[in-house]
Amino acid sequence: DNHNYDDNDKEDQQKVVVLYDKYVWPTKRVTDYRTQYSGITPAHFSNANKHQLVTLDQCRMDVLQLLHSTHNNNNNSTN
């Protein structure tokens, strides 16, 4: 986890669960990464390997698949 957490956020750090660990490759020039909120800097993209970068469409498909499988797992566990 490469997020920049404040020392006062120790309780919140314990609640973090990473569900998707890829970067969506921007199609336009990024003018503000909002690093103070996202923890993302330009270096994340320049240092990322090809398996860490996805298109927005790929991200959407991955998240839908993740949600679908999570939904099915939750439904199956209640039976």
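This text goes with the structure placed above it.
The sections below set out a description of the structure shown in this document.

Basis of the calculations
Residues numbered from 1 in each chain as written. Predicted model: local features only at pLDDT ≥ 70, side-chain atom pairs only at ≥ 80, totals over all residues. Heavy atoms only, no water. Salt bridge = Lys/Arg side-chain N within 4 Å of Asp/Glu carboxyl O. Buried < 20%, exposed > 50% of the residue type's maximum accessible area, 1.4 Å probe, protein only. Helix = DSSP H or I, 4+ residues; strand = E, 2+ residues; numbered from the N terminus. Phe/Tyr/Trp six-rings, centres within 6.5 Å; stacked < 30°, edge-to-face > 60°.

### Let's talk about the pattern of salt bridges
Taken as a whole, this structure holds 2 salt bridges when the rule is applied. For the salt bridge of Asp 32 with Arg 34, the shortest nitrogen-to-oxygen distance reads 3.5 Å. On the basis of relative accessibility, which here comes to 44%, the residue Asp 32 falls in the partly exposed class. The exposure class of Arg 34 is partly exposed, given its relative accessible area of 48%. Two residues, Arg 60 and Asp 57, come together in a salt bridge whose shortest N-O distance is 3.3 Å. Pair noted here: Arg 60 and Asp 57 are both in helix 4 (residues 56–77), with a separation of 3 residues, about one helical turn. Residue classification places Arg 60 among the partly exposed positions, given a relative accessible area of 48%.

### As for the packing of aromatic side chains
Throughout the structure, instances matching the rule amount to 3 aromatic pairs. Each ring, one from Trp 25 and one from Phe 45, has its centre 5.8 Å from the other, and the planes form 70 degrees; the classification is edge-to-face. Here Trp 25, found in the loop between strand 1 (23–24) and helix 2 (35–38), pairs with Phe 45, found in helix 3 (residues 42–46); they are 20 residues apart in sequence, far enough to count as distant. Classification of Trp 25 by relative accessible area gives partly exposed; the value is 46%. For Phe 45, a relative accessible area of 13% puts it in the buried group. Their ring planes at 45 degrees and their centres at 6.0 Å tell us that Tyr 33 and Phe 45 sit as a pair that is tilted. Of this pair, Tyr 33 sits in the loop between strand 1 and helix 2 while Phe 45 sits in helix 3, placing them 12 residues apart in sequence. Grouped by ring-pair contacts, the aromatic residues Tyr 23, Trp 25, Tyr 33 and Phe 45 constitute a single cluster.

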